[in-house]
Amino acid sequence: MRAAPVSFHFGDAVAAAYRFDPESGACRQTGVDPLPEVGEGWVWLHLKLTDTRARHWLGRHGTLPPAVAQWLLDGPDRVQMQRLDGWLVGAANGLHHDFAFEPDQIGRLRFCVGPNLLVTGRRHPLRVVDEIRRSLAAGRAPETPLGMLALIAGHLAAEAEATVEKLMDEVDGIEDRVLDDRSTSRTVEDRQALGRIRRRAATLRRHLLPEGAVVAAGLDDMPGWADPAGRAGLAAAAERFRRAARGVDEVIDRARMLQEEIAAQRAEAMNRSLLVLAILTAVFLPMTLITGIFGMNVAGLPGLQDPGAFLWVMLLILAAGVATLVLMFWRRMF
């Protein structure tokens, strides 16, 4: 049975540090230096790249090839995974610790992996690191650095899946209201909510979901020390990213169709209103004409001296309205 791992914090420069013993499967407290030799275990360091001490350690440490250290500090700021000097380097997107669906709350997680060392770095606190800590505290420690990278990729994929599921739930709630013809009180709010959902989904697809294709491509160019379990974990994470990508596309399509349905319902309601207005206008047009004629204050107007003229005029107005309605029914105008 594996012992519970022990975390290690090296000042403010290191956000997390774990040393793994492959024989016992446990972690023990260790410093940043010295690093274990191949076969003696491996270390995961999670650095705060905004701290000058972390940058200084990366720049001077002999274990990391200079090109790898330089890439980790100042490499291209895009999602990728590639081999460099016998190491595996890359960058992935992760949600900030208090992510609230804002585009600037998606940060970059940079990493380099060797036979006995995994170094990750970030400029903003990321949710995935806390999830990994809880996973390690539960005794689920991978046996290799590549296995740890696969675990991180799996948690990133889980973040994407959870976010997509939340968007799906929002779309489901709006869809129930839109398809209920009696629910018209929240049309404006639903249209605005669908617009926000589409923007969030587009942000998620742009920032969080390229990892699937990147990881799948990186699996074809792995270093020789890459272990089968780590490869399998990365392949599983890539598939989860692809499923999340399909979910995002579904969210966008459903949101767009619901927006079109709301627009169609609004257009139909407007057409009904215009039809009622047109019918009333057509019915009252001859009636208004009659009242206008008898409202003229000119000599010779019939009925001025007749006590029953008002009743005859009212009957004439009603007859004109009824005749107009009959004519419209006969011509199938509505």
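Treat the numbers as computed from the prediction; the structure is a model and nothing was measured. Residue indices follow the written sequence of each chain, beginning from 1 at its first position. Per-residue local features are limited, in this predicted model, to residues with pLDDT of at least 70; the limit for side-chain atom pairs, both in listing and counting, is 80 or more; totals at the level of whole chains, interfaces and linings are taken over all residues. Heavy atoms from the whole structure form the basis of all side-chain values; hydrogens and water molecules are not counted.

### Observations concerning the environment of Glu 211
Tracing the backbone shows Glu 211 in helix α6 (residues 211-218). A relative accessible area of 3% means that Glu 211 is categorised as buried. Separated by 119 residues in the primary sequence, Glu 211 and Ala 92 place their C-alpha atoms 6.5 Å from one another. We call two residues contacting when some pair of their heavy atoms lies within 4.5 Å. Discounting chain neighbours no more than four positions away, the residues touching Glu 211 are Val 79, Ala 92, Asn 93 and Phe 241. Helical segments are the DSSP runs of H or I of at least four residues, strand segments are the runs of E of at least two, and each set is numbered from the N terminus. Burial classes follow relative accessibility: with a 1.4 Å probe on protein chains only, a residue under 20% of its type's maximum area counts as buried, one over 50% as exposed, and anything between as partly exposed.

### Some remarks on the pattern of salt bridges
Salt bridge, as used here: a side-chain nitrogen of Lys or Arg that lies within 4 Å of a carboxyl oxygen of Asp or Glu. This structure, assessed with the given rule, holds 12 salt bridges. Arg 83 is the partner of Asp 221 in a salt bridge, and the nearest nitrogen-oxygen pair spans 3.1 Å. Of this pair, Asp 221 sits in the loop between α6 and α7 (228-294) while Arg 83 sits in strand β4 (residues 80-84); the two residues are 138 residues apart in sequence, bridging distant segments of the chain. Its relative accessible area of 42% is what places Arg 83 among the partly exposed residues. A salt bridge links Arg 242 to Glu 239; the nearest nitrogen and oxygen atoms lie 3.1 Å apart.

### What to know about the nonpolar core
Within the largest apolar cluster, 56 residues are counted, with the highest numbers of intra-cluster contacts made by Phe 20, Trp 44, Leu 136, Met 148, Ile 152, Leu 234 and Val 251. Excluding residues within four positions of it along the chain, Trp 44 makes contact with Ala 16, Ala 17, Tyr 18, Phe 20, Leu 118, Thr 120, Ile 132, Leu 136, Met 148 and Ile 152. Put simply, a nonpolar core is a bunch of buried Ala, Val, Leu, Ile, Met, Phe, Trp, Tyr and Cys residues held in one set by side-chain atoms that sit within 4.5 Å of each other.

### Thoughts on the packing of aromatic side chains
Side-chain rings of Phe, Tyr and Trp, where Trp is taken by its six-membered ring, are said to pair if the distance between their centres is within 6.5 Å; with planes under 30 degrees apart they count as stacked, over 60 as edge-to-face, and otherwise as tilted. Summed over the entire model, instances satisfying the criterion amount to three aromatic pairs. Centre to centre, the rings of Tyr 18 and Trp 44 are 5.5 Å apart; their planes meet at 10°, and the pair counts as stacked. You can see Tyr 18 sitting in strand β1 (residues 14-20) and its partner Trp 44 sitting in strand β3 (residues 42-48), a full 26 residues away along the chain. Neither residue differs from the other here; Tyr 18 and Trp 44 are each classed as buried. Relative to Trp 42, the ring of Phe 20 lies with its centre 3.9 Å away and its plane at 10°, an arrangement referred to as stacked. Linking Phe 20 in strand β1 with Trp 42 in strand β3, this pair joins segments that are 22 residues apart in sequence. Each of the two residues, Phe 20 as well as Trp 42, counts as buried. Each residue in the set Tyr 18, Phe 20, Trp 42 and Trp 44 is aromatic and connected to the rest through ring pairs, giving one cluster. Charge-over-ring contacts are defined here by two conditions on Lys NZ or Arg CZ: a distance within 6 Å of the ring centre and an angle within 35 degrees of the ring normal. In this structure, Arg 110 is placed above the aromatic ring of Trp 71, and the distance from its NZ or CZ to the ring centre is 4.4 Å.

### Describing the pairing of β3
Most of β3 sits out of view: six of its seven residues are buried. Should DSSP find at least two bridges between two strands, the strands are regarded as paired. As paired strands, β1 and β3 are joined by six bridges and run antiparallel to one another. If you follow Arg 19 over to β3, its bridge partner there is Val 43. Pairing between β3 and strand β7 (residues 117-122): six bridges, direction parallel. Residue pairing for β7: Lys 48 is matched across the bridge by Arg 122.

### Overview of unusual backbone geometry
In this structure, Asp 85 is a non-glycine residue whose phi angle is positive, near 55°. Mapped onto the fold, Asp 85 is located in the loop between β4 and β5 (87-95).

### Notes on the environment of Arg 196
Position of Arg 196 among the secondary structure elements: in helix α5 (residues 187-207). Taking the relative accessible area as the measure of exposure, Arg 196 reaches 37% and is therefore partly exposed. Separated by 59 residues in sequence, Arg 196 and Ala 255 place their C-alpha atoms 9.7 Å apart.

### Observations concerning α6
Glu 211, Gly 212, Val 214, Val 215 and Gly 218 are the residues of α6 that are buried. One face of α6 carries all of its buried residues, which in axial projection span an arc of 165°. The elements touched by buried residues of α6 are β4, β5, α5 and α7. The arc in question is the one traced by the directions running from the helix axis out to the C-beta atoms.

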